[in-house]
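Below are the chains, spelled out letter by letter.
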Amino acid sequence: DYTIGQNTRTQHRSLNLIIEAHCRGTANIDDTLDTIAEEVEEAMVTDITRGGNAKDSKLVSTEVEFETASQKTGLMRLTYLISYSTVENAVQTGV
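Residues numbered from 1 in each chain as written. Predicted model: local features only at pLDDT ≥ 70, side-chain atom pairs only at ≥ 80, totals over all residues. Heavy atoms only, no water.

Participant: Outline the confidence of the model for the chain, listing residues and values.
Facilitator: Across the chain, the average pLDDT comes to 87, with 84% of residues at or above 70. Across the chain, element-level confidence peaks in strand E3 (residues 56–66) with a mean pLDDT of 96 and bottoms out in strand E1 (residues 2–3) with 52. (pLDDT = per-residue confidence, 0-100. Helix = DSSP H or I, 4+ residues; strand = E, 2+ residues; numbered from the N terminus.)

Shown next as structure tokens:
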């Protein structure tokens, strides 16, 4: 998307931020991953603008995998969509 009509255009961008959590050797891996997810989600929602650099941040997916043989290892991926805008001729300048 571009905003046209000025000397410079605004570029609306999005970034997928993937946060991975790995667990091994706990009795209740699913509970451990749930606790980690809760802590990450609470931390991420405290600043949805990522320090004023983004327009919005939101959780778009959560994936969990377990080692099928023993379920003594687990992996969780939390994917956040970060929306932000920049000036076309100064991409390091957020708007």
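Moving on from the model shown.
Participant: So what's going on with a negative patch on the surface? Which residues, and what values?
Facilitator: Together, Asp-30, Asp-31, Asp-34, Glu-38, Glu-39, Glu-41 and Glu-42 make up a negatively charged patch on the protein surface. Mapped onto the fold, Asp-34 is located in helix H1 (residues 29–45). (Patch = residues over 30% accessible without salt bridge, like charges linked within 9 Å, V, L, I, M, F, W, Y side chains within 5 Å. Areas by Shrake-Rupley, 256 points an atom, 1.4 Å probe, with all protein chains shown as cover. Salt bridge = Lys/Arg side-chain N within 4 Å of Asp/Glu carboxyl O. Lys, Arg positive; Asp, Glu negative; His and termini not counted. Charge placed at Lys NZ, Arg CZ, Asp CG, Glu CD.)

Participant: Help me get a handle on unusual backbone geometry, residues and values and all.
Facilitator: One non-glycine residue with positive phi stands out, namely Arg-50, at about 50 degrees. Within the secondary structure layout, Arg-50 lies in the loop between H1 and E3.

Participant: Help me get a handle on the pattern of salt bridges, residues and values and all.
Facilitator: For side chains bearing opposite charge, pairing can occur when the charged atoms are close. Taken as a whole and assessed by the stated rule, the structure comprises 3 salt bridges. For Glu-63, the salt bridge is made with Arg-77, and the minimal N-O distance between the two is 3.9 Å. Note that Glu-63 is positioned in strand E3 and Arg-77 in strand E4 (residues 73–87), a separation of 14 residues in sequence. The exposure class assigned to Arg-77 is partly exposed, which follows from its relative accessible area of 21%. Through salt bridges with shared partners, a single ionic network connects Glu-20, Glu-63, Glu-65 and Arg-77. (Buried < 20%, exposed > 50% of the residue type's maximum accessible area, 1.4 Å probe, protein only.)

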